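Spelled out, the chains give:
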Amino acid sequence: MNRPNNKSKKTTSGFGELEKLKEGTANKKKQSNNGILRNESNREFSVRLSRQLNIKRYPVIATICLLQKRDDVVSLLKQAQQNPSNLPIRLTSYLKMEGLLNNENTLTNKAKRVCTTGKMPISERGLYHIWYSDNDPLLGTRVLLIQRDNAFKEPKHKILHKGRDAAQSTFAINPPENTSKTLTVKFSGCEKENNNRLSTEDIISISPEVICSATDNKTLNLTWDLTLDSSSITLKGPLNILSGRDLKQDSPIDFEYQQSEYFSKSPTIFSSLAAYLGGHWKQQVMRASVPFALTKQYQGMLSQFSLNNYPKFKMETQHGYFDYVNIHHLPVEPIQEEASQWHLAWLERYHASSFKETGIAEADQRTWLAQPALKQYKLVPLSGNNLIGTLSKEKNPQAYWHYSAINDLTPSLSSIAALPLTLIDKEPVDIKQLIKKLSLGKTCTKFIYSDRYIRTNRQQTLLKVIAQPLSSSDITIFTESSDAEALAEKCPEPWNIESFSKHADNHDRYWIFQSNDHITAWKCTVSLDFLIGDDSNYYAHGYPTFTPIVIEQLPEYLQRVLAHNTLEVTA
């Protein structure tokens, strides 16, 4: 076709505006030099995907139903709503014929929508030149631009579909159940009417009768922007609209299409992203569980639980192959079996940076463990000998020696002091080593155990297992009266069984170890049932924690037992 000498026309404002992305308003904890999130504005996760989109122009004979502004009809409906008897019979009949009034002369649902929107569905039949997306994995066969022909005439092109085939083809838009939902496309009238300026129209339906073969094809750039709560697409590129007296010339324009759509498809994209990274998407918490290996290259993940500065890449998805994918601030969390690796890596990095005061180090670790990305894993803080045992002197000597300084050089945490001890769920428990830690490695001369309930055979058996490494010690057991009687019949003869009635001060479990020069007292969070296994192999159940306490914190009945003892109490 001959091209006119007119300049390219750019049309970007006639279509619906792109919905603005929500600004991050939630305040998170801002990151300080120790890797803890402190009071920082949350940077919103976003992903941009881009690829080429093929589109084609087809001559189509069709009936199109679209919404048009009708202030006159709205005025009539308001009159009918207030006093229908004042309307002339001719106007009442017209409103009924259009389905706006029912037999009782009250407004139909269709009429209420007309009053709300100010627009009324109008059908027109004619010849149109319609640009469709070409069976795209995301858009499908979708109308992008419609141009009315000057006058109705049979197109002189090869026919692709006709009659029922045309009406049932993917080129048709069937009326949705809720006719208030419309498809917004660019719509162009004839040159004489609007000088080929494109306007916005709301299409309800397109019922094709004849669809001819494509007369033109172009490639647009498709950009899809996603966040956790928004989705928008943008199409840009050159295409031709028909111009001239008989619409036989191509007039190039810079086409731009913007809409906030396809949010329901975003979880499949997020899943593809997570799979590309070697993990999986968790829709309930809106995070990607990713491999620990990524934290070595993107260390900010350990403190921020967000993947930033990841290089652009290409990716296959359910909605097509995208040759450009760019992610910002992807929310991440550990894969279930690797959560402890994240914990240790954070501790190594944290303690390697500088020497930390004890209180600050404990508070920062608890703050890190309490973040949403970690709560489900129920990780417990590591400190004292437990942490020193996990830090590698060879791989990370700075972290090792910095923390050793806390543990060994601080008087209150020296090796003679007792530190809280937490056992890890399903981890093996060496009974002898446990007793050695609780007694601070000193020879125990007297062991006192207090537990309100020692009534099951399993609990009684476990008590004997725990007491085996203490066979040379004096052993005293405190328990509730009814349990004391049963225990006295089954325990070894040298044991001293003491009973008490239920009171608020004897609800907890206490372990007390006395040596020649120290008394070490502990309060345990659970009863003896935290041990599971057989005679030789035992494992922790849950996360039992032993907390050291001083004599003054013990119940009075235990304080009385220890009152005569003037030894130093370790806590």
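Each value, and the rule that gives it
- Residues numbered from 1 in each chain as written.
- Predicted model: local features only at pLDDT ≥ 70, side-chain atom pairs only at ≥ 80, totals over all residues.
- Heavy atoms only, no water.
- pLDDT = per-residue confidence, 0-100.
- Contact = heavy atoms within 4.5 Å.
- Salt bridge = Lys/Arg side-chain N within 4 Å of Asp/Glu carboxyl O.
- Buried < 20%, exposed > 50% of the residue type's maximum accessible area, 1.4 Å probe, protein only.
- Helix = DSSP H or I, 4+ residues; strand = E, 2+ residues; numbered from the N terminus.
- Pairing = 2+ DSSP bridges.
- Polar contact = N/O pair within 3.5 Å; in protein donor to acceptor, adjacent residues only side chain to side chain.
- Axes fitted to C-alpha atoms, helices over the stretch in contact; angles between N-to-C directions.

Chemist: A description of the confidence of the model for the protein should follow, citing residues and the corresponding values.
Modeler: For the protein, the average pLDDT comes to 80, and 80% of its residues sit at 70 or higher. In the model, residues 177-181 has pLDDT below 50 throughout and makes five contacts with residues more than four positions away in sequence or in other chains.

Chemist: Please give an account of the pattern of salt bridges that cites residues and values.
Modeler: It is possible for side chains of opposite charge to pair when their charged atoms get near one another. Scanning the model with the defined rule gives 12 salt bridges in all. Two residues, Asp71 and Lys69, come together in a salt bridge whose shortest N-O distance is 3.8 Å. Given a relative accessible area of 60%, Lys69 falls into the exposed group. Between Glu124 and Arg148 there is a salt bridge, and its shortest N-O distance comes to 2.9 Å. Separated by 24 residues along the polypeptide, Glu124 in strand β5 (residues 119-133) and Arg148 in strand β6 (residues 143-148) bring together distant segments of the chain.

Chemist: Which residues make up unusual backbone geometry, and what are the values?
Modeler: Of all residues except glycine, most have a negative phi; of all peptide bonds, most are trans. Although it is not a glycine, Asn105 adopts a positive phi angle of roughly 60°. Secondary-structure assignment places Asn105 in the loop between α2 (89-97) and α3 (109-117). Judged by relative accessible area, Asn105 falls into the partly exposed class, the value being 25%. The backbone phi angle of Asn309 is positive, close to 60°, even though this residue is not glycine. Of the residues examined, Asn309 reaches a relative accessible area of 71% and is grouped as exposed.

Chemist: Run through the sheet that holds strand β15 (residues 306-307), naming residues and quoting values.
Modeler: Within the open sheet, the four strands sit side by side as β13-β14-β18-β15. Their pairing is mixed. Each edge of the open sheet carries a strand with a single partner, namely β13 (280-282) and β15. As defined by bridge partners, β15 adjoins strand β18 (residues 330-334) across two bridges and the pair is classed as antiparallel. Looking across to β18, one finds that Leu307 is bridged to Leu330.

Chemist: Give me the pairing of β6: which residues, what numbers.
Modeler: Successive residues of a regular strand alternate their side chains across the two faces of the sheet. Of all six residues that make up β6, six are buried, and the element is covered over most of its length. Of the strand pairs in this sheet, β5 and β6 are connected by five bridges, and their pairing is antiparallel. Bridged to Tyr128 within β6 is Arg148.

Chemist: Now, about helix α6 (residues 266-276): what can you tell me, with residues and values included?
Modeler: Here α6 has its buried residues at Ser266, Ile269, Phe270, Ser272, Leu273 and Ala274. Where α6 is buried, its residues contact β4 (46-69), β10 (216-226), β13, β14 (287-290), β16 (313-317) and β17 (320-328). Once α6 finishes, Gly278 follows within two positions and takes phi at roughly 90°, a positive value.

Chemist: Tell me about the side chain of Gln460, and name the residues and values.
Modeler: Inspection of the secondary structure assignment puts Gln460 in helix α14 (residues 457-467). Among the residues examined, Gln460 registers a relative accessible area of 4% and is labelled buried. Separated by 3.4 Å, the side chains of Gln460 and Lys490 make a polar contact. Those residues in contact with Gln460, other than ones at most four positions away along the chain, are Ile454, Arg455, Ala486, Leu487 and Lys490.

Chemist: Residues and numbers for the sheet that holds strand β26 (residues 531-533), please.
Modeler: Across the sheet, which stays open at both edges, the three strands sit in the order β20-β27-β26 with antiparallel pairing between neighbours. Since the sheet does not close on itself, it has two edges, and those belong to β20 (428-429) and β26, each with one partner. Where β26 meets strand β27 (residues 538-540), three bridges bridge the pair, whose relative direction is antiparallel. Along β27, the bridge assignment pairs Gly533 with Tyr538. Along the sheet, α14 makes contact with β26 and β27, crossing β26 at roughly 95°.

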